[in-house]
Amino acid sequence: VWALFLGTGLSRDLQDLGNQGQWPTHPELLDWLAVEFMESGWNVKHLVKLILTSETYQQSSNASAELTASDPYNQLYSRQNSRRLPAEFVRDNALAVSGLLNPLIGGASSRPYQPAGYYRELNFPKRTYKHHNDDNQYRRGVYMHWQRSFLHPMLVAFDAPPREECTANRENSNTPQQALNLLNDPTFVEAARVLAEQLTGNSRPWAERLERAVQQLLQRNPYPEEAKLLKDLYDRQLKRYLKSPQDANALLKVGLRTAGKEANPMDLAAFTAVTRALLNLHETITRY
């Protein structure tokens, strides 16, 4: 539980401590938390609240160069550990910021968009897959349909385990496939388009659009260099779509949620390129 919120456990060997595992960095804290957990009646919510309300958890991950040099692995917990969101949360985050997320709790599995023929190698019996065509499409990642050994490609790209055995600690890779997934998976394209439509409504000026987008995704204002790069991207894409309106219309048809009739297709498609780029940022999918 400590590792879930602080990035690393009080011992870094979460799978199996044993005689060969790393000795806990704070054995007294580990003992105290264990006793607190036991005496609370094994109440996980109590333990989670205890950690989340602590000063240790509420620290910033920003640290001075001197502190980073003196404690590179943060064994003293003098700062928070920044780390990428788990696979399911990466998708949830995109749906949430676009307003598409369905918060329904419980019930049957959700079947999100998936490449056609992905299950073609599965036999005995042959599997077929049809994604949901209603709000179940936008349910949280924890409810995604799970086919062992054939995980959803997005989950595979972001290091979700196959659930064939207990996994205490997920691997955390950084690959080009992740960026391609964030740019091209229909879920992320649709989320970017829906977000772009919200921001381009009422003929908002460019600066206001961009500021709202960055605030909604990153909780800060855009840096001047970012603003320039994204404006250049928007201008190039707008020029492209003005020459090829059919490409803009094709982009706006991705996903179940249709674009409003009042939307300007070329403008919306061009600004969707901006929101797609923002959803692809390392900062967007990183917990600080």
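The text that follows walks through the structure, step by step, so that each part is easy to find. (Residues numbered from 1 in each chain as written. Predicted model: local features only at pLDDT ≥ 70, side-chain atom pairs only at ≥ 80, totals over all residues. Heavy atoms only, no water.)

The next point concerns the environment of Glu-211. Topologically, Glu-211 is positioned in helix α9 (residues 206-218). C-alpha of Glu-211 to C-alpha of Ala-227: the two residues are 16 residues apart in sequence and 8.8 Å apart in space. When neighbours within four sequence positions are excluded, Glu-211 is seen to be in contact with Asn-221 and Pro-222. (Helix = DSSP H or I, 4+ residues; strand = E, 2+ residues; numbered from the N terminus. Contact = heavy atoms within 4.5 Å.)

Gaps left between atoms show up when a probe the size of a water molecule is rolled over them. Its boundaries defined by the atoms lining it, the largest pocket holds a volume of some 1600 Å³. Lining the largest pocket are 45 residues, with Ala-3, Leu-4, Phe-5, Gly-7 and Asn-169 sitting closest to its centre. Mapped onto the lining of the largest pocket, the elements with two or more residues apiece are α1 (2-6), α2 (27-39), α3 (44-52), β1 (83-84) and α5 (87-98). In terms of residue count, α5 provides more of the lining of the largest pocket than any other element does, five residues in total. Here the lining of the largest pocket is built from residues that sort into 22 nonpolar, 11 polar and 12 charged. (1 Å grid on protein atoms, 1.4 Å probe; cavity = no way out; pocket = protein on both sides within 12 Å on 5 of 7 lines; lining within 4 Å. Points joined across faces, edges and corners; volume = space filled by probe spheres on them. Nonpolar A, V, L, I, M, F, W, Y, C, P; charged D, E, K, R; others polar.)

Looking now at unusual backbone geometry. Even without being a glycine, Asn-74 presents a positive backbone phi close to 55 degrees. Examined against the element boundaries, Asn-74 turns out to sit in the loop between α4 (65-70) and β1. Assessed through its relative accessible area of 1%, Asn-74 is described here as buried. With a phi close to 50 degrees, Tyr-77 is a non-glycine residue in the positive phi region. Here Tyr-77 shows up in the loop between α4 and β1. (Buried < 20%, exposed > 50% of the residue type's maximum accessible area, 1.4 Å probe, protein only.)

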